[in-house]
Amino acid sequence: MKKSQRRSLFRIFLIPSLIFVTSVSGLVAALIVDGKADFIAGLAVAAPVLTLFTLSIRPMIKSRVVTGALKRLHNAPAEHKPHHNPPASPGASGDPKKRS
Amino acid sequence: MKASTIRVWAWVHKWTSLVSTVFLLMLCVTGLPLIFHDEIDGALNPDNWRPANPGGAFLSLDDILKIALSGRPGETPIYMSFDVDRPVVNVTTGPRANAPEAQMYFASFDRTSGALAPPADVGESVMEFILQLHTDMFLGLPGMFFLGFMGLLLALSIISGVVLYAPFMAKLDFGTVRQTKSAKIKWLDYHNLLGIVATGWLLAVGLTGVINAFEHPIIDTWRENELADLLTRNQSTFAAASTAASLDAAVAQAIEAAPDMELQFVAFPGSPYSTDAHYAIFFHGRTPATKRIITPVLVHAADGSFEGLRTMPWYVTALSLSRPLHFGDYGGLLLKILWAALDLIAIVILGSGLYLWIAKERRNEKSVAIPAPANAS
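Only a predicted model underlies this, so the values are computations on that prediction, with no experimental measurement involved. The numbering scheme is per chain: residues are counted from 1 as the chain's sequence reads. Lettering for chains starts from A, numbering for ligands starts from 1, and both go in the order in which the items are written. With the structure being a predicted model, the display of local features is reserved for residues of pLDDT at least 70 and the display and counting of side-chain atom pairs for 80 or more, all residues being used for whole-chain, interface and lining totals. Side-chain metrics rest on all non-hydrogen atoms present in the structure, leaving aside hydrogens and water.

1. So, the interface of chain A and chain B
Should any heavy atoms of two residues lie within 4.5 Å, those residues are considered in contact. Chain A puts 34 residues into the contact, and the matching count from chain B is 36 residues. Note: buried area is the sum, over both parts, of the accessible area (probe 1.4 Å) each one loses when the two are combined. With both chains or domains summed, chain A and chain B bury close to 2900 Å², and 76% of this area falls on carbon and sulfur atoms. N or O atoms within 3.5 Å of each other form a polar contact, as long as, within protein, one can give a hydrogen and the other can take it, and as long as residues adjacent in sequence are counted only when both atoms are side-chain atoms. Here chain A is connected to chain B by four residue pairs in polar contact (both at pLDDT 80 or more). In DSSP terms, a helix is any run of H or I states spanning at least four residues, a strand is any run of E spanning at least two, and both are numbered starting from the N terminus. Taken together, the elements giving at least two residues each to the side of chain A that touches chain B come down to helix H1 (9-32), helix H2 (37-45) and helix H3 (47-75) of chain A. Here the side of chain A that touches chain B gets 13 residues from one element, more than from any other, and that element is H1(A). Of the residues contributing to the side of chain A that touches chain B, the split by class is 22 nonpolar, five polar and seven charged. Throughout, the ten residues Ala, Val, Leu, Ile, Met, Phe, Trp, Tyr, Cys and Pro are labelled nonpolar, Asp, Glu, Lys and Arg are labelled charged, and all others, Gly among them, are labelled polar.

Right under this line is the structure:
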């Protein structure tokens, strides 16, 4: 979740409009086309379902990316370890695993 | 958006949804099995019937008609229709061509042998029950109009929901569900998200449902105006046909007049869908879009000559297209599965809307029940 400043109507409705146009186009296209093209029309109709699926797996992907990044950071050789945060006290390091 | 404008749209959203929710839930639940009616019918009533001579030559339509009439002495043919996926011809007969439906007799014949075949819709009572519940709740035309009105309320509810989406999402990213907040906020986010992504499908299904609710008046209007016009124009030209020409020749004439179309049924001279002198031969298209659009061709019953072809008016075309768009049975199994998924999403939207309203009412009741703190001053 990310709260930010008020968004314009364009920003609020950009993705919903794209989903609307895609799914309605798919509904109409499936009426007109036949055979293999039906599959493509079906994918367009699936836009709402695919969006929900993407949104539902996004947190998992994010957590995996973060976990992976942290692991890489932990396993990296000492000279490559970034030290964005200066040690708060003598002996402390920038390694996130060592931070409480 | 002004606070007063939001309040008006919120009022529209609340009442259009509340009035229609129970009926829309019923429509969603009964609509779910109807999406897969072909598969369910096939599973419940497996069609074990096979033609006597699979791959063999077909008997002529005149021969089938002769066989049908030999089993119903003294009767007149009214309609002849053709099964889509099996070599079967269905013949409807009656004491006279314009006999009421109760006096009609329906029989199916194997086109390869002329033997009787079981009707295609035998044992489909479960799906028919669900379809009727979905269509008119067993109330006939008033039931259809009532459910059509519920469809209009759904459309209004969707439009008002889209308008209200903007102020709700003014400070949130698309797809945000505030999982750490209260259950009410979490379900509000789910309601908004599911509603906005399914708007296109919900509007399409809702509005086509409204058109379908007017099926009977639309068909009656077509019959009383367009078809009657074609029939009376030809009725006045020719007297009643005394001896019928070959049915096969008449159908061949009609096929010539309507190439690239599929033969659907024949209305015999004197029947409600024809004149006293003509075979009215009805065709439908071959693509998903034209499959349900029928085109009548009149062929003179005496000499098999072509008399006229009338394409459907726009309102019947709209009705024909709204049927597949409503039931989702026009794009194969993938589309059916998607239709079912979107139907389930619609059920969650309706359920969450109801939950949010109940939660709000409870909160209002609580705030009324708790007395205001006494003023110290």
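2. Observations regarding the packing of aromatic side chains
Residues and elements named next belong to chain B. The pairing test for Phe, Tyr and Trp rings, Trp by its six-membered ring, is centres within 6.5 Å, and the orientation test on the planes gives stacked under 30 degrees, edge-to-face over 60, and tilted for anything in between. Applying the stated criterion across every chain, the model contains 14 aromatic pairs over all chains. Ring centres 5.3 Å apart and planes at 50° place the aromatic pair Trp 187 and Tyr 190 in the tilted group. Taken as a pair, Trp 187 and Tyr 190 lie in helix H6 (residues 183-197) at a separation of three residues, close to a single helical turn. Where Phe 268 meets Tyr 279, the ring centres are 5.8 Å apart and the plane angle is 80°; that geometry is what we call edge-to-face. Residue Phe 268 is found in the loop between strand S5 (262-267) and strand S6 (278-284), and its partner Tyr 279 is found in strand S6; the two are separated by 11 residues along the sequence. By way of ring pairs, the aromatic residues Tyr 79, Phe 265, Tyr 273 and Phe 282 are connected into one cluster. Across from the ring centre of Tyr 105, 3.7 Å away, lies the NZ or CZ of Arg 72, which sits over that ring. Our definition puts a charge over a ring when NZ of Lys or CZ of Arg is within 6 Å of the ring centre and also within 35 degrees of the ring normal. Positioned above the aromatic ring of Trp 49, the side-chain terminus of Arg 86 is 5.3 Å from the ring centre.

3. Let's talk about the side chain of Ser271(B)
Among the secondary structure elements, Ser271(B) is positioned in the loop between S5 and S6. Setting aside anything within four residues of it in sequence, one finds Ser271(B) in contact with Ile78(B), Tyr79(B) and Ala97(B).

4. Some thoughts on the sheet that holds strand S8 (residues 306-309) of chain B
All names here are of chain B. When DSSP finds two or more bridges between a pair of strands, those strands are recorded as paired. Read from one edge of the open sheet, eight strands run S4-S3-S2-S1-S5-S6-S7-S8, paired in antiparallel fashion. Here the strands that pair on one side only, and so sit at the sheet edges, are strand S4 (116-117) and S8. As judged from the six bridges shared by strand S2 (residues 88-94) and strand S3 (residues 105-110), these two strands associate in the antiparallel manner. Directly across from Val 89, in S3, lies its bridge partner Phe 109. Seen against the sheet, helix H3 (residues 61-70) touches strand S1 (76-82), S2 and S3 and runs at an angle of roughly 130° to S1. Lying over the sheet, helix H9 (residues 247-257) contacts S1, S5, S6, strand S7 (294-300) and S8, oriented at roughly 45° with respect to S6. Here the axes come from fitting lines to C-alpha atoms, over the contacting stretch only for helices, and the angles between their N-to-C directions go from 0 to 180 degrees.

5. Observations concerning a nonpolar patch on the surface
Exposure above 30% relative accessible area and the absence of a salt bridge qualify a residue for a patch, where like charges join within 9 Å and nonpolar side chains (Val, Leu, Ile, Met, Phe, Trp, Tyr) within 5 Å. Computed with a 1.4 Å probe, the accessible areas rest on the Shrake-Rupley method; for each residue, only the protein chains presented here act as cover. Whenever Lys or Arg places a side-chain nitrogen within 4 Å of a carboxyl oxygen from Asp or Glu, that contact is recorded as a salt bridge. Together, Phe39(A), Ile40(A), Leu43(A), Leu50(A) and Leu334(B) line one region of the surface with nonpolar side chains, adding up to about 470 Å² of accessible area. Ranked by residues supplied to the nonpolar patch, first place goes to H2(A) with three residues. Structurally, the position occupied by Leu50(A) is in helix H3. By relative accessible area, which is 43% here, Leu50(A) ends up partly exposed. For the exposure calls, accessible area comes from a 1.4 Å probe over protein chains only, and a residue counts as buried if that area is under 20% of its type's maximum, exposed if over 50%, partly exposed in between.

6. Regarding the confidence of the model for chain A
Confidence in the prediction of chain A, expressed as mean pLDDT, is 76, and 71% of residues score 70 or more. pLDDT measures how confident the predictor is about each residue, on a scale from 0 to 100. Per-element confidence in chain A ranges from a low mean pLDDT of 82 for H3(A) to a high of 94 for H1(A).

7. Considerations on the nonpolar core
Judged by nonpolar contacts, the single largest core of 50 residues is most densely connected at Phe174(B), Trp201(B), Tyr330(B) and Trp339(B). Secondary-structure elements contributing two or more residues to this core are H1, H2 and H3 of chain A together with helix H1 (3-35), helix H5 (140-168), H6, helix H7 (199-213) and helix H11 (332-369) of chain B. Top contributing element to this core by residue count: H11(B), with nine residues. Each residue touching Trp339(B), except ones within four places of it in the same chain, is listed here: Leu27(A), Ile35(B), Trp201(B), Val205(B), Leu325(B), His326(B), Phe327(B), Gly328(B) and Tyr330(B). One finds Val91(B), Ala254(B), Val266(B) and Ala301(B) within the second-largest nonpolar core, a separate group that totals 23 residues. Here, nonpolar core refers to any group of buried Ala, Val, Leu, Ile, Met, Phe, Trp, Tyr and Cys residues whose side-chain atoms link them within 4.5 Å.

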